[in-house]
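Secondary and tertiary structure notes
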Amino acid sequence: MAAAVVEALEAASAAECEDWLRENVTTELNRADSSTVDRPVAGTRLHAVRRADEMAAATEMLGELGVEPAIARASRDLLARLAAANAVRISVAAPPEGE
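Residues numbered from 1 in each chain as written. Predicted model: local features only at pLDDT ≥ 70, side-chain atom pairs only at ≥ 80, totals over all residues. Heavy atoms only, no water.

Examining the packing of helix α1 (residues 2–14) against helix α2 (residues 18–30)
Note the following rule: Whenever a helix is involved, its axis is fitted only over the stretch in contact; in every case the axis is a line through C-alpha atoms, and angles between N-to-C directions fall within 0 to 180 degrees. Each helix is a run of H or I in the DSSP string that is no shorter than four residues. Each strand is a run of E no shorter than two, and both are numbered from the N terminus. Any angle that falls under 35 degrees is termed roughly parallel, while one over 145 is termed roughly antiparallel, one within 65 to 115 roughly perpendicular, and all others oblique. Residue contacts are defined here by distance: any two heavy atoms, one from each residue, within 4.5 Å place the two residues in contact. The nonpolar class holds Ala, Val, Leu, Ile, Met, Phe, Trp, Tyr, Cys and Pro. Asp, Glu, Lys and Arg form the charged class, and all remaining residues, Gly among them, are polar.
Interhelical geometry of α1 versus α2 gives an angle of 150° and a closest axis separation of 8 Å. Considering their axes alone, α1 and α2 lie roughly antiparallel with respect to each other. Touching Val5, Ala8, Leu9, Ala12 and Ser13 of α1 are Glu18, Leu21, Arg22 and Val25, all from α2. Looking at the contact of α1 with α2, its residues break down into six nonpolar, one polar and two charged.

This is how it looks when you write it as structure tokens:
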């Protein structure tokens, strides 16, 4: 998580909104409880397709800002893998058409 925060703050600095993001991250960390881990773990698998698209856009935006998108790229790739695994599970579990 620390690497993601560092990358996000670099991007926010390049976009001239670092103070806003720093405050937002601090607020979220101060609210942390067990759901802070549980919610994204469950939601990441469920929403992997959409989130992979979002991280692809984030990767592109970071590049445009001159920030190396190491974490965004890795997140995009992980989400794409999860989305593909979900698609396989769904297609195996779904009944054939017409049934």
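As for the nonpolar core
Put simply, the rule reads: Think of a nonpolar core as a cluster: buried Ala, Val, Leu, Ile, Met, Phe, Trp, Tyr and Cys residues, connected wherever their side-chain atoms sit within 4.5 Å. Working definition: with a 1.4 Å probe on protein chains only, accessible area under 20% of the residue-type maximum means buried, over 50% means exposed, and in between means partly exposed.
Ala48, Ala52, Leu79, Leu82 and Ala83 form the largest nonpolar core, which has five residues in total. Elements represented by at least two residues in this core include exactly α4 (48–65) and α5 (70–93). Ranked by residue count, the leading element in this core is α5, at three residues. Beyond its immediate chain neighbours, meaning those up to four positions away, Ala52 contacts Arg76, Leu79 and Ala80.

Side note on the pattern of salt bridges
As a reminder of what qualifies: What counts as a salt bridge is simple: a side-chain nitrogen of Lys or Arg found within 4 Å of a carboxyl oxygen of Asp or Glu.
For the structure on display, the rule yields five salt bridges. In this structure, Arg31 engages Glu28 in a salt bridge whose closest nitrogen and oxygen atoms are separated by 3.4 Å. Assessed through its relative accessible area of 57%, Arg31 is described here as exposed. Judged by its relative accessible area of 39%, Glu28 falls in the partly exposed class. Two residues, Arg50 and Glu54, come together in a salt bridge whose shortest N-O distance is 2.8 Å. On the criterion of helical spacing, the pair formed by Arg50 and Glu54 is a turn pair, its members being four residues apart in helix α4. Take Arg50: its relative accessible area is 40%, and that puts it in the partly exposed class.

A word on the environment of Ala70
Structurally, Ala70 is set in helix α5. With relative accessibility at 41%, the residue Ala70 sits in the partly exposed group.

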